[in-house]
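So you can see what is in the structure, the chains are spelled out below.
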Amino acid sequence: MLHGKCNVALARHGKPGHRPVGCIQNANLSVRVPTDKPRIKRNVFLSATAAPPAPTQQPIGHTQLQHGLGSVGDVAPTHLPWLLRLAHTKARHYGGDSTQALQESARGLQAWRAALDRGLLPDDMALQQIVASGEEAFTAGRSAEELKWPEEPLNTMMVRLFSKLGAARFARKYPAVKDALLKSVLEATVKYHRAVAGEKDEEEEAGEVDSNGNRGKTAAQLAREEAERRAARGGGGHMSAAMQATMDAVAAKRMEAERRAARAAQDAALPANKRIAVEIARDLYAQWTAPLAALSRAGAAFEGLEALLGGGEFSLGGNIWKRAGWGQLDELRRKLEDLKELRDLVRSLGRGGGWGPLRRAPVQHLDMSGRPGLMRTVLEAQETRGLCRSGDISRLLPAEAALIARGRTVRAAKLLFYARLAEKGLQTYERDGWGEFPTRVVPDRREVRPTADRGPILLCVDTSGSMRGAREAIAKALALECMRAAREQERACYVFAFSGPAEVRELELNNDMKSVNNLLDFLEKVFNGGSDFNEPVKRCLDRLTDAKWANSDILLVSDGELRQPAPEVMRKLAGAKDKLSLRVHGLVVGSPDKKRADPAVLRGLCTAVLPNGKVEVLVSEFSSWSSVKADSELGAIDFDDAEGNARRRLAGLAHEKARQEETRRRRREQRGGGGGGSASDPTRRMPTDGSGRKAAAAATAAAGGKKH
């Protein structure tokens, strides 16, 4: 690449047999570039007085071209096709110059963008502020009335509906929403002018267009084709589920058309242009209501949602904004403000809190039974932070050294120095550093300290039928908090939702919209099934072999009703604890009345050996039931669920005991009736196998008890 200004001269003459070349001359560089143009011989007539060379025309750059387009040059590329279509529509139906219509529409679109950048909508007051500021180039020499766009009554209708939705604050915070809103305004304006001119929109009769430009078919067209195929086959056969769904969609569209017809009958008294503007405003309101409501809930749950949106296009047609999980997300977010123990548990997960770059991190206090961490200590003189008073002579200030030097001749100076030394009040430099000690993390307080990247989080959630109700809501709240903490601390998070054998669903929760979609899938899931713990532990251990997840901690969430994992799984888990320093945490979600199964399996899994040789059991029990009980909308909370589980478990044990008693009684009757002897005869032949020996012994004991 050549920097600086270059003079380009094309050589018109050259030696015979040589191609003409282009010479690019710079201050310190000359490059000869062959050209492919044929040499043309011309007669050159030189006059006695040479005329001055004609000025070379400078090429038009991109910036000059952009400014030459006027307001159109400032329009985003994604909006330009709709802007051109609007200008073409207005020129075709109303006459006039399409260039002038294009410039007017571009200025109006820029006015909308400038108002949205300020968090406002382009009403009269906002346009007056934009013109008075003089910051925008398109306002030069124009009044606020000239910048009103689109034409009335559509302008008033759109300003009112977006004001009711509160779209301005979303557009200011999220650039993707602002671009989508401006695109919707352009589409609505084109639709309005075509409807006023009496032109039918052919795209409404056709399907949607995908990214490759292929147009799909509508539900009515698909239903019609299916009906024709069924008629060709003779009308037999059972209606498929897809066909039923298509017919339902056609029925819903028919009902919507009937509602529109009823509204049109009510609006029949309005002028034609106002009636069309009202219909378009209603469509826009219905199109934007669900996405903005979901975006409001997502913004409250996740800080920095603009990063999750990724700067891409905000799609109004995406199903993610219409999902039912957003309602649960908002409820869980509000309840997490009261569930402090869940937040503290999640923030204590992950290893790697030692040496690293300086950053704001939770404060660590000395705790001899805690995990290895870093604390400030004077034993590590790594840096000079300031001044302090102490009794360390090696860090004296020059003023204190001068005082002791003066004490050689003045006794009072010597006594003053030793008095300060005894009181540890000498002015000294403050020198300390960071040392490794067993510490305890305080999540509520933060400071700037060396902090390594915390390890990822591996969350195993029991989604069996016994976790329904309040337990299900707590498990979902914990998954939400894990994703929030992972995003805040720049960590990775992976969820294993397990129930029966081989029923494990994996969800990766990162900082993107795909992870938000995965979280909504988990929130919408209904807990059901058994409880097999082998498969999720195996997958967690397999993931630890990856370098990205090698520094992870595992969090197990269950109600305690788990079976002991297989011996092979236990051996692998013990090896990971020894070699990788794996820490397994457990959260028991019982019930308010403490009637639950003994979490002996979790206590056996969630153990860690401390540096002092003691064994720590990392099992926590959820106890903030008052916060969950305060809101019945958190889930179908049935606090008798644990009690009912206990009753069912005891009833099952009693039933099994009664069944065994009945089996023993029948065996005794069979042996007593067909064996040729009494059931109490101890001299009869005993079976040789172990099970038969035990059964016979039990029968003999039972018979002896009856005899006595």
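Residues numbered from 1 in each chain as written. Predicted model: local features only at pLDDT ≥ 70, side-chain atom pairs only at ≥ 80, totals over all residues. Heavy atoms only, no water.

As recorded in an unreviewed UniProt entry, the protein goes by VWFA domain-containing protein and comes from Chlamydomonas leiostraca.

1. A short note on helix α20 (residues 567–579)
Here α20 contains 13 residues, and its C-alpha end-to-end distance of 18 Å stays within 8% of the 18 Å for a straight helix at 1.5 Å per residue. Among all positions of α20, only Val569, Leu573, Ala576 and Lys577 are buried. Projected onto a plane normal to the axis of α20, the buried residues spread over an arc of 100° and lie on a single side. Exposed side chains of α20 directed beyond 90 degrees from the buried face belong to Pro567, Arg571, Asp578 and Lys579. Those residues of α20 that are buried lie in contact with α19 (534–543), β11 (584–588), α21 (600–605) and β12 (607–609). Ser581 sits one or two positions beyond α20 and adopts a positive phi of about 55°. (Helix = DSSP H or I, 4+ residues; strand = E, 2+ residues; numbered from the N terminus. Expected span 1.5 Å × (residues − 1). Buried < 20%, exposed > 50% of the residue type's maximum accessible area, 1.4 Å probe, protein only. Arc of directions from axis to C-beta. Contact = heavy atoms within 4.5 Å.)

2. A word on the pattern of salt bridges
Inspection of the entire model under this criterion finds 26 salt bridges. Residues Arg385 and Glu430 are paired through a salt bridge, measuring 3.6 Å at the closest nitrogen-oxygen approach. One end of the pair, Arg385, is in strand β5 (residues 383–390); the other, Glu430, is in strand β6 (residues 426–450), with 45 residues separating them in the sequence. Residue Glu430 is classed as partly exposed on the basis of its relative accessible area of 24%. For Glu669, the salt bridge goes to Arg665, with nearest N and O atoms at 2.4 Å. With Glu669 and Arg665 both in helix α23 (residues 641–674) and 4 residues apart, this pair spans about one turn of that helix. Residues joined in a network through salt bridges with shared partners are Arg376, Glu383, Arg385, Glu430 and Asp432. (Salt bridge = Lys/Arg side-chain N within 4 Å of Asp/Glu carboxyl O.)

3. A look at the pairing of strand β7 (residues 457–462)
Burial of β7 is extensive: 6 of the 6 residues sit out of reach of the surface. A two-sided burial pattern is seen for β7, the buried positions comprising Ile457, Leu459 and Val461 on one face and Leu458, Cys460 and Asp462 on the other. With 6 bridges joining them, β7 and strand β8 (residues 493–498) adopt parallel strand pairing. Bridge pairing in β8 places Leu458 opposite Tyr494. The β-α-β motif built from β7, the intervening helix α17 (residues 470–488) and the parallel element β8 has right-handed crossover chirality. For β7 and strand β10 (residues 553–558), the ladder comprises 5 bridges, and the chain directions are parallel. Its bridge partner lying in β10, Cys460 is registered against Leu556. (Pairing = 2+ DSSP bridges. Right-handed = clockwise from strand over helix to strand, strands pointing away.)

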